[in-house]
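Topology and contacts: notes
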Amino acid sequence: MDRKQAAKRVAIVGAGTSGLAACKHLLARGFRPAVFEAGASLGGQWTRTLATTRLQSPTTGYRFSDFPWPDGADAFPRHDQVVEYLAAYARRFGVHECVRFRSKVVAAEYVGGADTAGDAGEELWAGNGEAFGGDGAGRWRLAVRHGDSDATQAYEFDFLILCIGRFSGVPNIPAFPPGAGPDAFRGRVLHSMEFSDMEDADAAALVKGRRVAVVGSGKSAYDIAAECADANGAELPCTMVCRSPQWLLHDVNVWGKLNLGCLFMNRFAQLMVRKPGAGLVSSILATLLTPLAWLISKVTEAYYKKAIPMREYGMEPDIGFAGSLSSCKIGMLPDAFYDKVSSGSVVIRRSGAFSFCEDGLVLDGGRVVAADLVILATGFRGDQKLRDMFVSPRVKDIVAGSSDTTVPLYRECVHPRIPQMAVIGYSESLTNIYTIEMMAKWVARLLDGAFRLPSVRRMEQSVEEWGRYMRRSNGERFRRSCLGAVNIWYNDELCRDMGCDPRRKKGLLAEWFQPYGAVDYADIQ
């Protein structure tokens, strides 16, 4: 890096896992980024979660490549232990000194240049394919609200990195017919985001002694239902209203000792997937291996259906196990969840739709669930959160794509038509921190001038190809851009861009059959 590059001003919005990784790798390449964090501490959504929340991935998979967990750490640490791990990472690499806490970025505007590329599509990103653009490049002006002040302060930067995540900020509230929404209910309705934001004691007091109904099919719905069951027991059971059950597991080992990573997260397993951009031979091979992929998925499903009483309680997922991995519709069960169902402290109700009445919820067939408190674990509108960052109507219109497309990010990081900006951590994977760190390394090298981006048109073609894969493999959840089944292939593309060897293991057998993880990429800095 030359002195001219070192003088460039870089802003990072968010100090969760994505922001910490981005800052660490920029510091390693000589930049001094400013990190704006709306909260009072590091850790992002890990600082705003339920009292009983634990890591869903084992520590062997959920870690930074060059920063191991401390000796003696639980296999699935509590949320406060995850926050401490992230804080220790920040201290070790000097990230903490770059963070401006209680500093909320309320608007971002590109000034001094065109905020989007033209329609020709042949030109290079930002004018020259480089992070900071060519002659006439503009700047990003951020409006930041500090502390409790209503006033904003303006800052300008040469490059903007958004690390705002997609599972916070803007709750997804279902639409209801007139007279059948929350206003019809005489009790209290809140979203899981509000519940998670509460202090642990306040959340416990809220559910204690109340009939609670939790609406949702994902991990957060299970966690909230389990907490309510612990508070009230079978005397006031928590009702969990579920539309489409997901694969929630009790263990990551099947049939005793075989880890899921050996079945689904190695290079051989990804031969069975039609990967975007991999070519005709790869597609034919994946087609030929379809029976083997089906068999592995079915054998895995059989184990979990035997080990977990999901069928007994009507919670058998409609999607196959392999499909759940490719769409990131998978998680870990709260401790003893089905014991709570068996004891009557959690009652499960399946329903394709729901609405409100004065006494609670109305399910399919007119069934009524009586409740005093309804908690909507119905997800978030990450696309709206992304759009809300920007001032320009044009940028708002294109940054998150449309309802028919994936979020149009080249390499899941860069919008082909928005200059001098990257997004890290918006796509999903099975172990997010592992993917996030690779994105951070790629973006840091882009800023350092290690490689140039292709033309806008070529990037858009790649985005479209990955979008077709997401539609094919992720189904109705395609906009979440899950990399679960192609994580190694995705990292291969990042490695090739950075000039690194994608093959990271020693020995042919290890390369093809050992699970890949963050440690395999530790020497890429």
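Everything here concerns the structure above.
Overview of the structure. Owing to the predicted nature of the structure, the values given are computational and were not obtained by experimental measurement.

What counts, and at which threshold
Residues numbered from 1 in each chain as written. Predicted model: local features only at pLDDT ≥ 70, side-chain atom pairs only at ≥ 80, totals over all residues. Heavy atoms only, no water. Phe/Tyr/Trp six-rings, centres within 6.5 Å; stacked < 30°, edge-to-face > 60°. Helix = DSSP H or I, 4+ residues; strand = E, 2+ residues; numbered from the N terminus. Buried < 20%, exposed > 50% of the residue type's maximum accessible area, 1.4 Å probe, protein only. Salt bridge = Lys/Arg side-chain N within 4 Å of Asp/Glu carboxyl O. Patch = residues over 30% accessible without salt bridge, like charges linked within 9 Å, V, L, I, M, F, W, Y side chains within 5 Å. Areas by Shrake-Rupley, 256 points an atom, 1.4 Å probe, with all protein chains shown as cover. Disulfide = S-S within 2.5 Å.

1. Quick word on the packing of aromatic side chains
Applying the stated criterion across every chain yields a total of 34 aromatic pairs. Geometrically, the ring pair formed by Trp 69 and Tyr 85 is stacked, given 4.2 Å between the ring centres and 5 degrees between the ring planes. In this pair, Trp 69 is assigned in the loop between strand 2 (34-36) and helix 3 (79-92) and Tyr 85 in helix 3, connecting sequence segments 16 residues apart. Residue Trp 69 is classed as buried on the basis of its relative accessible area of 11%. By relative accessible area, which is 3% here, Tyr 85 ends up buried. Taking the centre distance of 5.6 Å and the plane angle of 15 degrees together, the rings of Tyr 304 and Phe 321 count as stacked. Here Phe 321 lies in helix 11 (residues 321-326) and Tyr 304 lies in helix 10 (residues 290-307), a separation of 17 residues in the sequence.

2. Structural notes on the pattern of salt bridges
This structure, assessed with the given rule, holds 29 salt bridges. Between Arg 186 and Glu 358 there is a salt bridge whose closest N-O contact spans 3.7 Å. Here Arg 186, found in the loop between strand 7 (159-162) and strand 8 (188-191), pairs with Glu 358, found in the loop between strand 16 (354-357) and strand 17 (360-363); they are 172 residues apart in sequence, far enough to count as distant. What makes Arg 186 exposed here is its relative accessible area of 60%. Here Arg 411 and Glu 493 are joined by a salt bridge, their closest N and O atoms 3.1 Å apart. Of this pair, Arg 411 sits in the loop between helix 14 (393-398) and strand 20 (421-423) while Glu 493 sits in helix 17 (residues 487-498), and the two are 82 residues apart along the sequence. With respect to class, Arg 411 is no different from Glu 493; both count as buried.

3. What to know about a nonpolar patch on the surface
The grouping of Trp 255, Leu 292, Trp 294, Leu 295 and Val 299 at the surface amounts to a nonpolar patch, some 510 Å² of accessible area in total. The topology assignment puts Leu 295 in helix 10. Accessibility expressed as a relative area gives 45% for Leu 295, which makes it partly exposed.

4. Description of the state of the cysteines
Under the defined criterion, the tally for this structure stands at one disulfide. Here Cys 328 is linked by a disulfide to Cys 482, with a sulfur-sulfur distance of 2.0 Å. What sets the handedness of the Cys 328 and Cys 482 disulfide is the S-S torsion sign, and at about 75 degrees it is right-handed. Of this pair, Cys 328 sits in the loop between helix 11 and strand 14 (330-332) while Cys 482 sits in the loop between helix 16 (456-474) and helix 17; the two residues are 154 residues apart in sequence, bridging distant segments of the chain. With relative accessibility at 7%, the residue Cys 328 sits in the buried group. Residue Cys 228 stays outside any disulfide, its sulfur separated by 4.4 Å from that of Cys 238, the closest cysteine. Since its relative accessible area comes to 1%, Cys 228 is described here as buried. Summary of cysteine pairing: Cys 357 is not part of a disulfide, and the nearest cysteine sulfur, belonging to Cys 238, is at 17 Å.

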